[in-house]
Amino acid sequence: MTVHDMKHAASDSARLEAVGGRLSRVDGPAKITGAAKYAFEQQLDGLTHAVLVGATIAAGKVTAIDTRAAETAPGVLAVLTPDTIMELRGASDWFGNPPALSTYCPLAREVTFSGQHVAAVVAETFEQAVAAAALVKVWYDETPAIVDLSDGKAGDGIAIEAMTKEWGDAQAAFAEAPVRICAAYNTPREFQAAMEPHGLIARWQGDELTIWEPSQWLDGMARTYAEWFGVPFENVRLVSPYIGGGFGSKALALAHSAVAAAAAKMLGRPVKLVLNRPQNFTSYGGRAATRQTVAIGADRDGKIQSIVHRGVNETAVDGMWVEPLGSVTSIMYATPNFSSKQNVVRVNTVVPGAKRAPGENPSAFGIECAIDELAHELGIDPLEMRLINYAEQDPHTKKAWSTRQLREAFAAGAEAFGWAKRSPQPRSMRDGHQLIGWGVAAGTYPVRRAHGEAVVKILADGSVEVESSSIDMGQGTYTILAQTAAETVGVPVSQVSVKLGDSHFARAGVTGGSRLAGVMTGAVYKAAGQALDELVGLALSDPRSPFQALQANTLVVQDGRIASPRGEGPELSIAEFLSAVGRDQIEAKGDTLPVNTTPEQRYKNYTTIAMSIPHTEGDWSRYSWCAHFVEVRVDEDFGTVRVSRVVSALDSGRLYNPKLAESQWKGGIIMGIGQALLEEGIVDRRHGRIVNGNFADYMLPTNADIPDIQTISVGIPDPHSSALGGKGVGELAIVGIAPAIANAVFHATGKRVRDLPITLEKLI
Amino acid sequence: MRDFAYVRADSVEAARNAAALPGAMLLAGGTTLVDLAKCGVAEPATVIDISHIDGLNAIDVSADRAVFGALAKMSHVADNPQVKSLFPAVSEALWQAASAQLRNMATIGGNLMQRTRCPYFRDPANFPACNKRAPGSGCSAIGGVTRGHAVLGISEACIATYPGDLAVALVAFGAEVDLGERKLKVEDFFLAPGATAEREHDIRPGEVITAIEIPGSAVARRSTYVKVRDRQSYEFAAASAAVGLELEADRRTVHDIRVALGGVATKPWRVRAVEEALKGKPLDEDTVRKASELAMEGAVDHGANHYKIALAPRVIARAILKLGETA
Ligand SMILES: Cc1cc2nc3c(=O)[nH]c(=O)nc-3n(C[C@H](O)[C@H](O)[C@H](O)COP(=O)(O)OP(=O)(O)OC[C@H]3O[C@@H](n4cnc5c(N)ncnc54)[C@H](O)[C@@H]3O)c2cc1C
Ligand code: SF4
């Protein structure tokens, strides 16, 4: 639970505060001053500390664990192994599918990846737990591991039929096309690399469990805990006031979460478990490594006749992750013939997971590089190439776009960037030792939709409180929900407090897929509207109301004051009015679900993703769009690439808060720069282990790597996408950055690098 | 991290006495020591905190020489105006090292003593074999991920790169390290692995670095440090070069030159072959590039670090030509 002192962010300008205003983050001051308390910063009496022991092999069996030395080490309360940890029940997956096994052990007997948890030590202090964990001896029976997609033992993998998309006769049309290109594009294993590590504090009181844990999905994770321990959903309370970065990684309760909660139950004391940095690279999945081949056949005038696409992503030996590689390929360009198929290959890794724009991101790397290659082959400007093949409708579903401001994005971006001055030949622009290249690429992300619920209270002092179990991981939920409630009820933002991150609040689904803002502004809009209706109704009808004599049929609430529309009669502040009628609060719960929704459906809606609404439902195909224009400078001797300019024009529909949207877009662009040039989980092929699992060696861009970034909003309100007209913001901008950079590197150097990241040895 | 005893030394004498005991390790800025303790590489029985010793952080620079107390902070030395004008390569090497936060904590003495970034060295639980950590246990890097490893000065026992920047500039300009009882050339202070990868420095139990001394010279005055890496900041060198140049009166013939390499060798690597090839020669691009190639004589790669052999001479050439341009 968190109440912000909104005065910091308050402004006199109503324009700033309204939905669509550039209000600064209301949680900013708390974060900057250190007042914001993150989930596992809670101080609890009797807190104990757990530390995990990870497997040092990538495949095989644990044959024995010697815990004697650890057990007698100072401060040690328990050493947990697969044999001694309490048995948990299997939990259903995030679609709500029941578990394959009825029991679950979060410590592994069968090791399927390096670093997998095999034991845990709980001690009075963190230092004691660390020291004792080093004393746990584990013996293994090691078997050969499949380390990655290029492993000879990996094979072709499993065909995922649901990913197949086909129309026309793609193979034949490709064979007949006068111009053809075909190339393979690879992206490595990447990690979310949030500053805040994963971890939690678990406390049992009887059969009630409280978990303080950074979470992108309180209700979903609470359900998992409830199922593991066989307690009612209501008995689990998850608290997650702030999240120090998630990027898709913090939506699920994971093995380490289960260990901590089980240890707390077994010891009858609260347990804190925080993954150390290397464990953050092996305890949950980053973006799966991918391989794609893209073949495009076209006319001599550049019109695409066929796209043939094949994709592969890695998944785990004991878990399935599909990174939809044909997602952008199938919708970005108009083509009469299309074929996309995908396999997944099992390797010895932790199950890969969601990282910002899973699917769309690597998919765009393939198609947006390939279209650039085709443009070069034909001698057509790459921007022109994209316009020649502009998709006027969704090429896959053949439905109309709800809104698609991509043409506008190309135009606005090109204008701001000065694209017209580009000299077409590779290696034709330089500045001393630096080769200069300009590249363009488009990006897109579907508008994922779901239903949400919120409580809005109008309190006796006239202030407004919003409650929701949704979360703010930096994207601005606190701020835009305050703006929505303020505007809807008619009070200044300074009188609104937003409470998030507690699963006992009104329910919310997953914060992922860039859906939360659209879902929650809709829910708050509805709840706040109901609260306002009740307030006005009371003012019109309550015998004690000073407005009753007016005989009006409505009233206006503005700036926290109630008056008649034409200004006759009394004018009261909300506080004065509530006191006049003797009410201490008005509370409304609003949700966006159909009225006849059953309690079971509600539960399913918030605790699984089975009920999210397809982005192609009904008559429309709903996506956000963007166009990136990038300048790179490549040192001709050293092969080092620096991005010197980025101009991106983006269509996220209506922006609830442009300032926050721009920050999100820039964050995506920065992450994309890291992906293009730096990020790669490097695996030791003999041991199947990531060797650069720390922030010195896993390269993320620093400020020095990031130029000024110009973002331009070209969106228009999209009534088919959300209640207030917004589309997705958070994931869109990373999509297309890596290909824009790769295309710019080609323009600078004449070298096509199709394997990310583009490190210096690939250009030297 | 294992439990350890903590002792605060108030004088160099006290530090020396304490450091002579088995299992004792000095703590200055702590940016290497604490890091390695967390990885389970450093397991000191006693930590001797020298960071409070008075007078060890002095920075004293004149045209004749620069003396940096062992406790002088990296950021202070880097920012010293006289260091910038009389020993620019030293300042530049420090500025391009680590991050602002680290430079504010880290000391010059500690900097010389930093350990390799070889990922196998830093992960004892998963890779027990490492001759540097456990003599005779083997080398996990050979046959593994070697992108950052050395191509010069390597042995069968160890191919780990010396990662630091400052020491590269120090060996270029003939700096000395002051151990109190003895002074030695920084170049001799660092040891190539040979058969004893665990020995990285010529320092004995109980010895404490008190200062670093660099003789002033024309080559030090016109000097530069060029560092190449994928990331613009906060990354160790893929290859780096410290170069100092003194030209004849004709402003194009090389009178004296110093060249040292970082990021490619097992110790800070002075390349006299390049220096000799250029002395008395005109400073044109072709001559410089050809001479720079000589730096790679005897280089051996282990696959992924092959690019260093092409890269390092280009870094040297860039540094020399850059100095030539300012003539
Ligand atoms: C993420 C990261 C990135 C980095 N990047 C770079 C880089 O790009 N370039 C670069 O050059 N460096 C880099 N460094 C290394 C950094 O410069 C060193 O960690 C730092 O200089 C060490 O100084 P310190 O005072 O903190 O040493 P400490 O950690 O206190 O000590 C280091 C070692 O030296 C010993 N020691 C300390 N003082 C003395 C003394 N007076 N006499 C004898 N022994 C002593 C200690 O016992 C210990 O073994 C990086 C470090 C990190 C963690
Ligand atoms: S290269 Fe040296 S430091 Fe690295 S594993 Fe081998 S012996 Fe150890």
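Residues numbered from 1 in each chain as written. Chains lettered and ligands numbered in written order. Predicted model: local features only at pLDDT ≥ 70, side-chain atom pairs only at ≥ 80, totals over all residues. Heavy atoms only, no water.

Chemist: Tell me what's going on with the overall build of chain B, and back it up with residues and numbers.
Modeler: Looking only at helices and strands, chain B has 13 helices and twelve strands in total. Taking 327 residues into account, the globule formula puts the C-alpha radius of gyration at 20 Å, and chain B, at 19 Å, falls close to it. Seen along its three principal axes, the alpha-carbon backbone of chain B occupies a region of about 60 × 45 × 35 Å. Per-residue burial over chain B gives 56% buried out of 327 residues. If you take every contact in chain B between residues at least 6 apart in sequence, the share linking residues at least 24 apart comes to 63%. Accessible area of chain B: about 12,800 Å², with a carbon and sulfur share of 51%. Positive and negative side-chain charges of chain B, numbering 38 and 39 respectively, have mean locations separated by a distance of 3 Å. (Helix = DSSP H or I, 4+ residues; strand = E, 2+ residues; numbered from the N terminus. Rg over C-alpha atoms; globule rule 2.2 N^0.38 Å. Buried < 20%, exposed > 50% of the residue type's maximum accessible area, 1.4 Å probe, protein only. Contact = heavy atoms within 4.5 Å. Areas by Shrake-Rupley, 256 points an atom, 1.4 Å probe, with all protein chains shown as cover. Lys, Arg positive; Asp, Glu negative; His and termini not counted. Charge placed at Lys NZ, Arg CZ, Asp CG, Glu CD.)

Chemist: Requested: an account of the side chain of S75 of chain B, with residues and values cited.
Modeler: Residue and element names in this part refer to chain B. Tracing the backbone through its elements, the reader meets S75 in helix 3 (residues 74-79). The exposure class assigned to S75 is buried, which follows from its relative accessible area of 10%. Not counting the four nearest positions on each side in its chain, S75 is found in contact with R103 and N104.

Chemist: Mind laying out the nonpolar core, listing which residues take part and the relevant values?
Modeler: In globular proteins that are soluble, nonpolar side chains generally tend to be buried together. Residues and elements named next belong to chain A. Within the largest apolar cluster, 90 residues are counted, with the highest numbers of intra-cluster contacts made by F629, V632 and I741. The element best represented in this core is helix 8 (residues 360-378), accounting for nine residues. Residue contacts for I741: discarding those within four places in its chain leaves V630, V632, V643, G672, I673, A676 and L677. Counting residues in each nonpolar core, the second largest holds 47 residues, with A30, L500, M520 and I586 among its members. (Core = buried A, V, L, I, M, F, W, Y, C linked by side-chain atoms within 4.5 Å.)

Chemist: Could you give an account of the site of ligand 2, with specific residues and numbers?
Modeler: Close contacts around ligand 2 come from 14 residues, with C118, C130, C139, C158 and I159 of chain B the closest. Broken down by class, the residue content of the shell around ligand 2 amounts to ten nonpolar, three polar and one charged. (Near = heavy atom within 4 Å. Nonpolar A, V, L, I, M, F, W, Y, C, P; charged D, E, K, R; others polar.)

Chemist: Tell me about the side chain of N313 of chain A, residues and numbers included.
Modeler: Residue and element names in this part refer to chain A. In this fold, N313 is placed in strand 17 (residues 304-316). For N313, the side chain forms a polar contact with the main-chain oxygen of W321, separated by 2.9 Å. The contacts of N313, once residues within four sequence positions are left out, are L149, A288, A289, T290, W321, V322, E323, L325, Q342, N343, V344 and V345. (Polar contact = N/O pair within 3.5 Å; in protein donor to acceptor, adjacent residues only side chain to side chain.)

Chemist: Help me get a handle on the pattern of salt bridges, residues and values and all.
Modeler: Scanning all chains against the criterion turns up 62 salt bridges over all chains. Among the ionic pairs, E360 of chain A bridges to R448 of chain A, the shortest N-O distance being 3.9 Å. With E360 of chain A in helix 8 and R448 of chain A in the loop between strand 21 (434-446) and strand 22 (453-459), this pair connects stretches of sequence that are 88 residues apart. In this structure, D256 of chain B engages K279 of chain B in a salt bridge whose closest nitrogen and oxygen atoms are separated by 3.8 Å. On the criterion of sequence distance, the pair formed by D256 of chain B in strand 11 (residues 254-262) and K279 of chain B in the loop between helix 11 (272-278) and helix 12 (285-293) is long-range, its members being 23 residues apart. Note on D256 of chain B: relative accessible area 15%, which makes it buried. Relative accessible area serves as the criterion here: at 32%, K279 of chain B is assigned to the partly exposed category. (Salt bridge = Lys/Arg side-chain N within 4 Å of Asp/Glu carboxyl O.)

Chemist: Tell me about the site of ligand 1, residues and numbers included.
Modeler: Neighbouring ligand 1 are 31 residues, the closest being L26, G30, T32, T107 and D165 of chain B. Around ligand 1, the neighbouring residues derive from chains A and B rather than from a single chain. Within the backbone of L26 of chain B, one N or O atom sits 2.6 Å away from an oxygen atom of ligand 1. At a separation of 3.0 Å, an oxygen atom of ligand 1 approaches a polar side-chain atom of K227 of chain B.

Chemist: Explain the domain arrangement of chain A to me, and be specific about the residues and the numbers.
Modeler: Residue and element names in this part refer to chain A. Here chain A is partitioned into domain 1 (40-143 + 192-281), domain 2 (290-447 + 616-762) and domain 3 (453-607). For domain 1 and domain 2, the distance between their C-alpha centroids amounts to 36 Å. Listed per partner, the contact involves 19 residues of domain 1 and 19 residues of domain 2. Between domain 1 and domain 2, a total of about 1,500 Å² is buried, with carbon and sulfur atoms accounting for 63% of that surface. When residues of domain 1 are sorted by the area they lose upon contact with domain 2, T112, F247 and F281 head the list and together hold 35% of the total. The tally of links from domain 1 across to domain 2 stands at zero salt bridges. The tally of links from domain 1 across to domain 2 stands at six residue pairs in polar contact (both at pLDDT 80 or more). Of the residues belonging to the side of domain 1 that touches domain 2, the class tally is eleven nonpolar, seven polar and one charged. (Domains from an automatic or database assignment. Buried area = accessible area lost by both parts, 1.4 Å probe.)

Chemist: Any details on the sheet that holds strand 31 (residues 641-651) of chain A? Residues and values, ideally.
Modeler: Residue and element names in this part refer to chain A. Overall, mixed pairing links the five strands, which are arranged 20-21-30-31-34 in an open sheet. The open sheet has two edge strands with one neighbour each: strand 20 (430-431) and strand 34 (709-713). Here two bridges tie strand 20 to strand 21, and the two strands are oriented antiparallel to one another. In the strand pairing of strand 21, R430 is matched with L435. Helix 15 (residues 658-677) rests against strand 30 (623-635), strand 31 and strand 34 of the sheet, and its axis sits at about 130 degrees to strand 34. (Pairing = 2+ DSSP bridges. Axes fitted to C-alpha atoms, helices over the stretch in contact; angles between N-to-C directions.)

Chemist: I'd like to hear about the domain arrangement of chain B, residue by residue, with values.
Modeler: In terms of domains, chain B is made up of domain 1 (5-49) and domain 2 (218-325). If you average the C-alpha positions of domain 1 of chain B and of domain 2 of chain B, the two centres end up 36 Å apart.

Chemist: Could you give me a rundown of the packing of helix 15 of chain A against helix 16 (residues 737-749) of chain A, with the residues and numbers involved?
Modeler: Residues and elements named next belong to chain A. Their axes nearest at 8 Å, the elements helix 15 and helix 16 cross at an angle of 50 degrees. In terms of orientation, helix 15 lies oblique with respect to helix 16. Helix 15 and helix 16 meet at a crossing whose hand is right-handed. Residue-level inspection shows I669, G672, I673, Q675, A676 and L677 of helix 15 in contact with helix 16, the latter providing I737, A738 and I741. Here the residues of the contact of helix 15 with helix 16 sort into seven nonpolar, two polar and no charged. (Parallel < 35°, antiparallel > 145°, perpendicular 65-115°, else oblique. Left-handed = near helix turned anticlockwise from the far one by under 90°.)

Chemist: Tell me what's going on with the packing of helix 12 of chain B against helix 13 (residues 307-325) of chain B, and back it up with residues and numbers.
Modeler: All names here are of chain B. One can describe the packing of helix 12 onto helix 13 by two numbers: an axis separation of 8 Å at closest approach and a directional angle of 140 degrees. Classified by the angle their axes make, helix 12 and helix 13 are oblique. The crossing of helix 12 and helix 13 is right-handed. Contact residues: E285, V288, R289, S292 and E293 in helix 12; P313, R314, I316, A317, I320 and L321 in helix 13. Across the contact of helix 12 with helix 13, the residue classes break down as six nonpolar, one polar and four charged.

Chemist: Which residues make up the confidence of the model for chain A, and what values go with them?
Modeler: The predicted model of chain A averages 95 in pLDDT, with 98% of residues at 70 or higher. The model gives residues 1-12 of chain A a pLDDT under 50, and that stretch makes 31 contacts with residues more than four places away or in other chains. (pLDDT = per-residue confidence, 0-100.)

Chemist: Describe the interface of chain A and chain B, listing the residues and the values that go with them.
Modeler: Tallying the contact residues gives 36 residues for chain A and 31 residues for chain B. Counting across the chain A and chain B interface gives six salt bridges. Between E761 of chain A and R147 of chain B there is a salt bridge, with its nearest N and O atoms 2.6 Å apart. Remark: the boundary between chain A and chain B carries 17 residue pairs in polar contact (both at pLDDT 80 or more). Take the side of chain A that touches chain B: its biggest share by element is three residues, from helix 4 (residues 126-133) of chain A.

Chemist: Give a detailed account of the sheet that holds strand 2 (residues 60-66) of chain A, specifying residues and quantitative values.
Modeler: Across a sheet, strands are paired by hydrogen bonds formed along the backbone, either parallel or antiparallel in direction. All names here are of chain A. The three strands are arranged 6-2-8 in an open sheet whose pairing can be described as antiparallel. Each edge of the open sheet carries a strand with a single partner, namely strand 6 (110-111) and strand 8 (137-142). Strand direction decides the pairing type here: strand 2 and strand 8, joined by six bridges, are antiparallel. Paired with I65 across the strands is V138, a residue of strand 8.

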